[in-house]
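# Report on the structure
Chain by chain, the residues run as shown.
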Amino acid sequence: MDWIVTTRWIAAAGLVLGLIGILMRLGDIMNRPFKKDLSRERGRAGRGILYAFTLGMAPWEKESTRLHWFLYIRGILFHVGIFTAFGVLFASPWIDQFHQALKVVLVLVTGAGALAGFAGIAIRLHGANERALSIPDDYFSVFVCSLFITGAFVSLLAPAALPFFYLVTAFMGAYIPLSKIRHCVYFFYSKFFFGAHFGHRGVIGQSRSKYAE
Amino acid sequence: MDERFTAERFQLTPEKMAVGLEVLRKRMNRQLKASLEVCVRCGLCAESCHYYVSNPKPEHVPAFRAEQLRKIYRRLEDPLGKSAPGWIAAADLDQEMVEMLLLTAYGSCTMCGRCVINCPMGVDTRLIMRTARAMLTAMDMTPEGLKATVNVHLETGNNMGVTTEDFVETVEWMEEELQAELDDPSVKIPLDKKGARVVYTLNPREVKYFPYLLQAAAKIFNAAGENWTLSTESWDATNYALFNGDDAAAKKLAQNLERAVNHLRADVLVMAECGHGYRSQRWEGENWVGHGYPFRVMSFVELQAQYIYEKRFELDPTVNSQRVTFHDPCNQARNGGIVDEPRYVLRHVCTDFVEMTPHGVENYCCGGGGGMLSMTDFAKERMAAAKAKADQIAATGAKIVATSCHNCLDQLDEIKRHYKLDVKIQNLSELTSAAIVWKKQ
């Protein structure tokens, strides 16, 4: 078995470990009680949920993201980079057969994503608030994810780097359930609860009331 | 050690620690767990907090506050929190942490929810802070003023210990005053009227210090031809257990009003212009008591808008000709969706209404929420954090700041004096009442 195939299996093992950990996390949260809201609705929870996962995520919708649009866009680039790197990972056995135009797009997206990731570490180190908030795992998790995107980026340019990409993947996969990277699972819960709560109360995502000007 | 927490009851014992951690375990539902897990500590929430806007330091970032409880949570529930606590900043609930929780959950957070609305991840920091408060309350570490307010309410039926005799006398006095003012003896303030459509509640401050607000409400009800009443059985709109996180106490207080409305067989419970009282009974009450009410709960602000929409009385907005701005109480707007109604009212009862920036759901908390006014220990920080609101008010050029919450009213009045603002603070119903063109019934 050559080095590429061996490391591919190691990556698969890491991802399986990660998946098991994530499933355990999911099992844990699903075993907790769900607090059903007994109050009479003023708005529709469904519309709030829809808003939370769509327009509510637009950079102009919240004061926080309007004020920090640069940081927010950086975060989006970073996450798009991660998702793209996963795409590259799963298609990597055929990396030599990628169409040149697709390759250029993937290189640009992963390159920007990796840069955005490493910039995130610099921002955490530089900003007083970010420094005060950050815990060691924050730096390390962002570093590992940035390395993962870098692995995809480098592999696209030089497929000989695939073993590096696979080894980083293996480590990241196994580390996900233990680290802050697992927010990728809880994100869907928190946004759902946010949308349902404020939608039910008629605060977000509702049509105009008869009293609106 | 902060000198405010040197009393013996603030000292952590193994028994207290067990009680506090048990509260955290019991409250760990999906909503709380998701909020504890999902924060990525990006810090984008910083400017959403009026404490931070007024005094920008890392300790005032909402995520920093929530992080204090997260540290305990990670120590309790995270595998790495047990084996490598330093790596994920997990911490034990020790004396130092108790003090940190007191300073963050009680001392510098009004649970206004502005950070919740602004969090890109949907973290409910308000829920996290209330959980921390609940833990401290279970450990008998609630700041004295708030503790006393809840206890007085539980013991006497209202948070100021007003006797039924005093309550009835005040109501009768206000009825006479209103009849004299309007020269109309048909005007009534009904007490315990069975079968009334509406039961109206009051903030005890109205009975004790500002009875003219009851007079204003009564004028509106009478002008609208409403079939309404007050209840002597239970009339206090407030529920400070919302702020100390004690759900058992909150349930008892919510049940008091529920029973009174049921005994009078009313269709609607109308909450006085009291932000947290409205939120408690309208949004939290049914969850505390564990079932839906057989009646509707609404805010007096909503009812005023409805009366005006239905043209139940004639209005002359020129009597309120000075520039008016509106302060949205967090518990009505951000936490209850009442944003358009007060503006609809103001467009009809005054001639020059201007908005603050920001306003509505994104309005800054005045600093009087979260039971802050009852916790005099934190008064200095409260007034410092109110600078954001003072600047907002000053920028409008308004002469009147209207609001629809008693805690906001008090806090805005203090802000006015502290920051030397040339404004008058008024309840919305005062402006509505003044604008009513009275027609003898």
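Computed from a predicted model, the values in this text were never measured in an experiment.

Here we come to the overall build of chain A. Per the secondary structure count, chain A includes 9 helices and 0 strands. Helices and strands appear in chain A in the N-to-C order α-α-α-α-α-α-α-α-α. Along the longest, intermediate and shortest principal axes, the C-alpha atoms of chain A span 70 × 40 × 40 Å. Counting across all 213 residues of chain A, residues that qualify as buried make up 39%. Intrachain contacts of chain A at a sequence separation of at least 6 include 80% that bridge at least 24 residues.

Across the contact, 53 residues belong to chain B and 49 residues belong to chain A. With 7 residues, the single largest contributor to the side of chain B that touches chain A is helix 2 (residues 30-38) of chain B. Considered class by class, the residues forming the side of chain B that touches chain A number 26 nonpolar, 13 polar and 14 charged.

This brings us to the packing of helix 4 (residues 62-77) of chain B against helix 6 (residues 95-106) of chain B. Residue and element names in this part refer to chain B. As a packed pair, helix 4 and helix 6 sit with axes 9 Å apart at the nearest point and diverge in direction by 145°. In the packing of helix 4 onto helix 6, the handedness of the crossing is left-handed. Of the residues in helix 6, those touching helix 4 at R65, Q68, L69 and I72 are M97, M100, L101, T104 and A105. When grouped by side-chain class, the residues that make up the contact of helix 4 with helix 6 number 6 nonpolar, 2 polar and 1 charged.

Before going further, it helps to spend a moment on the sheet that holds strand 1 (residues 198-200) of chain B. Residue and element names in this part refer to chain B. Taken together, 4 strands build an open sheet; the order of strands is 2-1-3-4 and the sheet is parallel. Two strands close off the open sheet at either side, each with one partner strand: strand 2 (228-230) and strand 4 (296-299). The sheet shows a mean angle of 30° between the axes of neighbouring strands, direction not considered. Here strand 1 pairs with strand 2 via 3 bridges, running parallel. Its bridge partner being in strand 2, Y200 is matched across the sheet by L230.

When pLDDT drops low, the exact placement of atoms in the prediction is not to be read closely. When pLDDT is averaged along chain B, the result is 97; 100% of the residues meet or exceed 70. Model confidence for the complex is summarised by a pTM of 0.96, with the ipTM given as 0.96.

Residue and element names in this part refer to chain B. Across the sheet, which stays open at both edges, the 4 strands sit in the order 6-5-7-8 with parallel pairing between neighbours. The outermost strands of the open sheet, each flanked by one partner alone, are strand 6 (353-354) and strand 8 (424-427). In the packing of helix 20 (residues 406-418) onto the sheet, the strands contacted are strand 7 (400-403) and strand 8, and the crossing angle to strand 8 comes to about 175°.

All names here are of chain B. One ladder, built from 4 bridges, connects strand 3 (residues 268-271) with strand 4; its direction is parallel. Looking across to strand 4, one finds that V270 is bridged to M298. In this fold, strand 3 hands off to helix 15 (residues 275-289), which returns the chain to strand 4; that crossover is right-handed.

A few words on the packing of helix 9 (residues 183-200) of chain A against helix 2 of chain B. With their axes 8 Å apart at the nearest point, helix 9 of chain A and helix 2 of chain B run at an angle of 130° to one another. Accordingly, the angle class assigned to the pair helix 9 of chain A and helix 2 of chain B is oblique. In this structure, helix 9 of chain A crosses over helix 2 of chain B, and the sense of that crossing is left-handed. In contact with A:H183, A:Y186, A:F187, A:Y189, A:S190 and A:F193 of helix 9 of chain A, helix 2 of chain B contributes B:R30, B:Q31, B:A34, B:S35, B:E37 and B:V38.

Before going further, it helps to spend a moment on helix 14 (residues 247-264) of chain B. All names here are of chain B. Taking 1.5 Å per residue as the helical rise, helix 14 with its 18 residues ought to reach 26 Å, and the 26 Å between its terminal C-alpha atoms agrees with that figure. Tucked inside the fold, the buried residues of helix 14 contact helix 9 (144-156), strand 1, strand 2, helix 13 (241-244), strand 3 and helix 15. Looking at the residues trailing helix 14, positive phi occurs at R265, about 55°.

Here strand 1 of chain B pairs with strand 3 of chain B via 3 bridges, running parallel. Each bridged residue has a counterpart across the sheet, and for B:Y200 the counterpart in strand 3 of chain B is B:V270.

In this section: the environment of B:V319. Residues and elements named next belong to chain B. Tracing the chain through its elements places V319 in the loop between helix 16 (300-309) and strand 5 (324-326). By C-beta crowding, V319 is classed as partly exposed, having 14 other C-beta atoms within 10 Å. Note: C-alpha distance between V319 and V339 (20 residues apart in sequence) is 24 Å. If we skip the residues at most four places from it in the chain, V319 touches A434 and A435.

Turning our eyes to something else, we now look at the environment of B:A216. All names here are of chain B. Looking at the element boundaries, A216 is found in helix 12 (residues 212-224). Residue classification places A216 among the buried residues on the basis of 25 C-beta atoms within 10 Å. When the C-alpha atoms of A216 and D2 are compared, they prove to be 44 Å apart, with 214 residues separating the residues in sequence. Setting aside its immediate chain neighbours within four residues, A216 contacts S429, E430 and S433.

Taken as a class, soluble globular proteins show a tendency for nonpolar side chains to be buried jointly. Ranked by size, the top nonpolar core spans 158 residues in total, and within it B:V199, B:A217, B:V270 and B:M271 carry the most contacts. Those residues within four positions of B:A217 in sequence are excluded, and the remaining contacts are B:Y200, B:F300 and B:S429. Counting residues in each nonpolar core, the second largest holds 28 residues, with A:A11, A:F78, A:L106 and A:F165 among its members.

Thresholds applied
- Residues numbered from 1 in each chain as written.
- Chains lettered and ligands numbered in written order.
- Predicted model: local features only at pLDDT ≥ 70, side-chain atom pairs only at ≥ 80, totals over all residues.
- Helix = DSSP H or I, 4+ residues; strand = E, 2+ residues; numbered from the N terminus.
- Buried ≥ 20, exposed ≤ 12 C-beta atoms within 10 Å, placed from the backbone.
- Contact = placed C-beta atoms within 7 Å.
- Nonpolar A, V, L, I, M, F, W, Y, C, P; charged D, E, K, R; others polar.
- Axes fitted to C-alpha atoms, helices over the stretch in contact; angles between N-to-C directions.
- Left-handed = near helix turned anticlockwise from the far one by under 90°.
- Pairing = 2+ DSSP bridges.
- pLDDT = per-residue confidence, 0-100.
- Right-handed = clockwise from strand over helix to strand, strands pointing away.
- Parallel < 35°, antiparallel > 145°, perpendicular 65-115°, else oblique.
- Expected span 1.5 Å × (residues − 1).
- Core = buried A, V, L, I, M, F, W, Y, C linked by C-beta atoms within 7 Å.

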